[in-house]
Amino acid sequence: MTILIFIIVLWYGGLFFQTFFLHRYAAHQTYTMSKLTERIVFILTWFFQGSNYLSAYGYGVMHRMHHAYADTEKDPHSPKYDLSVFAMMWRTKTIYTDINKQKIEVEPKFTKNVPQWKSFDAFASSWFSRVAWGVAYFAFFLAFSTAWWQWLFFPVALFMAPIHGVIINWYGHIYGYVNFKSKDTSKNLFKFDFLMMGEGYHNNHHKHSSRANFGGVRWHEIDVTYMIMLLLNALGIIKLKPNTVKVRREL
């Protein structure tokens, strides 16, 4: 039971900071926050993503490229141009690394105002940090596993961020339903996105990429992350931009 709770915490903790910070803040800037709060969120992202830590800069730039080039040969991740899910994962990793280490030239429109904390990213993305988290996860499993099958979750803990990416960037372009016709293959994976905290409303997001609320088009499309963002906004921790909160019920 302890291992299952641990995996759930890692799943939703890492996922929340991916969608709240890396996606809706770094890539789309649907809200603002103070520099101190931003640094705290950087650290919390590292804490919850652990061995899976993703740089806000690398993620933000790559995700903007995904929207600009969705389902074309320039898309960093597309089932249309990658022969398998593993090929897509490897290409995504390569492009992310090259962007994060600034090994490739990127158009200014993709890098504008994307948050970057170079010294922290260097530490959080280092092999030392990733291996240390892996050892910590192993020690936790060793201490609390009560059955052999619980060790099947160990690779999930190590590679949770790539798994999240596969669910949205691969399956979210193959399975599901659409609210909006578009030039790409984005789909809404779930009628109520209990698994991906709003990320599963992928077709909605591709239609209105600057909107903070990924759901809200149909009555059952409840975006849990957006609900949390409304609370954080009310508490003054973040400030939602007015033009990002409107929901057009077009269906």
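Residues numbered from 1 in each chain as written. Predicted model: local features only at pLDDT ≥ 70, side-chain atom pairs only at ≥ 80, totals over all residues. Heavy atoms only, no water.

Chemist: I'm lost on empty space enclosed by the protein in this one. Help?
Modeler: A water-sized probe, rolled over the atoms, reveals where empty space remains. In the structure shown here, the tally under the stated rule is 1 cavity of 30 Å³ or more. Lining the largest cavity are L10, G14, F48, Q49, N52, Y137, A157, M160, A161 and H164. The dominant element in the lining of the largest cavity, judged by the number of residues it contributes, is helix 9 (residues 160-169), at 3 residues. Here the lining of the largest cavity is built from residues that sort into 6 nonpolar, 4 polar and no charged. (1 Å grid on protein atoms, 1.4 Å probe; cavity = no way out; pocket = protein on both sides within 12 Å on 5 of 7 lines; lining within 4 Å. Points joined across faces, edges and corners; volume = space filled by probe spheres on them. Helix = DSSP H or I, 4+ residues; strand = E, 2+ residues; numbered from the N terminus. Nonpolar A, V, L, I, M, F, W, Y, C, P; charged D, E, K, R; others polar.)

Chemist: What is the right way to read helix 2 (residues 35-49) from this model?
Modeler: The α-helix winds at 3.6 residues per turn, so residues separated by three or four positions along the chain end up facing the same way. For helix 2, spanning 15 residues, the distance from its first C-alpha to its last is 21 Å, which sits close to the expected 21 Å at 1.5 Å a residue. By the burial criterion, the buried members of helix 2 are T37, E38, V41, F42, T45, W46 and Q49. On the buried face of helix 2, the contacting elements are helix 1 (2-27), helix 3 (56-68), helix 6 (118-124) and helix 7 (127-144). Two residues or fewer past helix 2, G50 is found with a positive phi of approximately 55°. (Expected span 1.5 Å × (residues − 1). Buried < 20%, exposed > 50% of the residue type's maximum accessible area, 1.4 Å probe, protein only. Contact = heavy atoms within 4.5 Å.)

Chemist: Explain the packing of helix 1 against helix 9 to me, please; I cannot follow it from the model alone.
Modeler: The packing of two helices is summarised by the inter-axis angle and the distance between the axes. The interhelical angle for the contact between helix 1 and helix 9, taken along N-to-C directions, is 65°, at an axis separation of 10 Å. Considering the relative orientation of helix 1 and helix 9, their crossing is right-handed. Contact residues: helix 1 offers I7, L10, W11 and L15, while helix 9 offers M160, I163, H164 and I167. Considered class by class, the residues forming the contact of helix 1 with helix 9 number 7 nonpolar, 1 polar and no charged. (Axes fitted to C-alpha atoms, helices over the stretch in contact; angles between N-to-C directions. Left-handed = near helix turned anticlockwise from the far one by under 90°.)

Chemist: Before we go on, may I ask you to explain the environment of R24 in this structure?
Modeler: Along the polypeptide, R24 turns up in helix 1. Accessibility expressed as a relative area gives 0% for R24, which makes it buried. Along the chain, R24 and F214 lie 190 residues apart, while their C-alpha atoms are 9.8 Å from each other. Among the polar contacts made by the side chain of R24, one reaches the side chain of T19 at a distance of 3.0 Å. Reaching out from R24, the side chain makes a polar contact with the backbone oxygen of M197 at a distance of 3.4 Å. (Polar contact = N/O pair within 3.5 Å; in protein donor to acceptor, adjacent residues only side chain to side chain.)

Chemist: Before we go on, may I ask you to explain the pattern of salt bridges in this structure?
Modeler: Pairing of side chains with opposite charge becomes possible as their charged atoms draw close. A complete count under the given rule lists 4 salt bridges for this structure. The salt bridge partner of D223 is R24, with a shortest N-O separation of 2.7 Å. Taken as a pair, D223 in the loop between helix 10 (202-207) and helix 11 (224-234) and R24 in helix 1 lie far apart in primary sequence, 199 residues in all. A relative accessible area of 1% places D223 in the buried class. (Salt bridge = Lys/Arg side-chain N within 4 Å of Asp/Glu carboxyl O.)

Chemist: Just to check I follow, could you spell out the layout of surface pockets for this structure?
Modeler: Approximately 1400 Å³ is the volume attributed to the largest pocket. At the level of secondary structure, the elements contributing two or more residues to the lining of the largest pocket comprise helix 1, helix 3, helix 4 (85-100), helix 6, helix 7 and helix 9. Counting residues per element, the lining of the largest pocket draws most heavily on helix 4, which supplies 9 residues. Grouping the amino acids of the lining of the largest pocket by side-chain chemistry returns 19 nonpolar, 18 polar and 6 charged.

Chemist: It is not clear to me how helix 11 should be interpreted in this structure. Could you clarify?
Modeler: Within helix 11, the full set of buried residues consists of T225, Y226, M229 and L232. Buried residues in helix 11, looked at end-on, bunch into an arc of 115°, giving them a common side. Among the exposed residues of helix 11, those oriented more than 90 degrees off its buried face are L231 and A234. N-capping of helix 11 is provided by D223, with a side-chain oxygen placed 3.2 Å from the backbone N of T225. (Arc of directions from axis to C-beta.)

Chemist: What exactly am I supposed to notice about the packing of helix 1 against helix 7 here?
Modeler: Closest axis-to-axis distance for the helix 1/helix 7 pair is 9 Å, and the angle between their directions is 155°. In terms of orientation, helix 1 lies roughly antiparallel with respect to helix 7. Between helix 1 and helix 7, the contacting residues are T2, I3, F6, I7 and L10 on the first element and Y137, F140, F141 and F144 on the second. Residue classes in the contact of helix 1 with helix 7 are distributed as 8 nonpolar, 1 polar and no charged. (Parallel < 35°, antiparallel > 145°, perpendicular 65-115°, else oblique.)

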